Amino acid sequence: MNQQSGQTMQAGMSGQGASLSDRELLQLALNETKLTAASVNTFALEASSDTLRRDYLTVLGDVHNQEKQIFDLMQQKGYYNVKNANPQEIAQAKSKFSGQAQ
């Protein structure tokens, strides 16, 4: 992947190509790793063999690590900003869902 910020890459199968920014490419990679994690998780849950289930869980851990690396890179570049919840919002969420757990 191109390391220079703001530089675009060409993609396309027809030869005309569509210009994708680093941000768009990273978002695509993040979305694909999320989809892969969901699929591998399903495979692990449905595996009939304990050995196969362990292998899928190992792969799932690898996919989660890749997802975290992409997420961290996106945050570092300012592409994925996460707002930290303040204590009042956390308390509101706790009270909202505390009655549902019973």
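Please refer to the structure higher up on the page.
In this report, we go over the structure that sits alongside the text. (Residues numbered from 1 in each chain as written. Predicted model: local features only at pLDDT ≥ 70, side-chain atom pairs only at ≥ 80, totals over all residues. Heavy atoms only, no water.)

**Observations concerning the overall build of the protein**
Stage number 1. Helices and strands together make up the secondary structure of the protein, namely 3 helices and 2 strands.
Stage number 2. Order of helices (α) and strands (β) in the protein, N terminus to C terminus: β-β-α-α-α.
Stage number 3. By residue count, 16% of the 102 residues in the protein fall in the buried class.
Stage number 4. Residue pairs at least 24 apart in sequence account for 43% of intrachain contacts in the protein once pairs closer than 6 positions are excluded.
Stage number 5. In the structure as shown, the protein presents an accessible area of about 7800 Å², 52% of it carried by carbon and sulfur atoms. (Helix = DSSP H or I, 4+ residues; strand = E, 2+ residues; numbered from the N terminus. Buried < 20%, exposed > 50% of the residue type's maximum accessible area, 1.4 Å probe, protein only. Contact = heavy atoms within 4.5 Å. Areas by Shrake-Rupley, 256 points an atom, 1.4 Å probe, with all protein chains shown as cover.)

**Side note on the pattern of salt bridges**
Stage number 1. The final tally for this structure, using the stated rule, is 3 salt bridges.
Stage number 2. As a salt-bridge pair, Arg53 and Asp50 come within 3.2 Å of each other at their nearest N and O atoms. Taken together, the residues span about one helical turn, with Arg53 and Asp50 both in helix H2 (residues 50-76) at a distance of 3 residues.
Stage number 3. In this structure, Asp72 and Lys68 form a salt bridge, with 2.6 Å as the shortest nitrogen-oxygen distance. Of this pair, Asp72 and Lys68 both sit in helix H2, 4 residues apart, which is roughly one turn of that helix.
Stage number 4. With a relative accessible area of 32%, Asp72 lands in the partly exposed category. (Salt bridge = Lys/Arg side-chain N within 4 Å of Asp/Glu carboxyl O.)

**Some words on the packing of aromatic side chains**
Stage number 1. The final tally for this structure, using the stated rule, is 2 aromatic pairs.
Stage number 2. Measuring from ring centre to ring centre gives 4.9 Å for Phe71 and Tyr80, while their planes differ by 70°; the resulting arrangement is edge-to-face.
Stage number 3. Accessibility expressed as a relative area gives 21% for Phe71, which makes it partly exposed. (Phe/Tyr/Trp six-rings, centres within 6.5 Å; stacked < 30°, edge-to-face > 60°.)

By themselves, these are just geometric observations and shouldn't be taken as functional.
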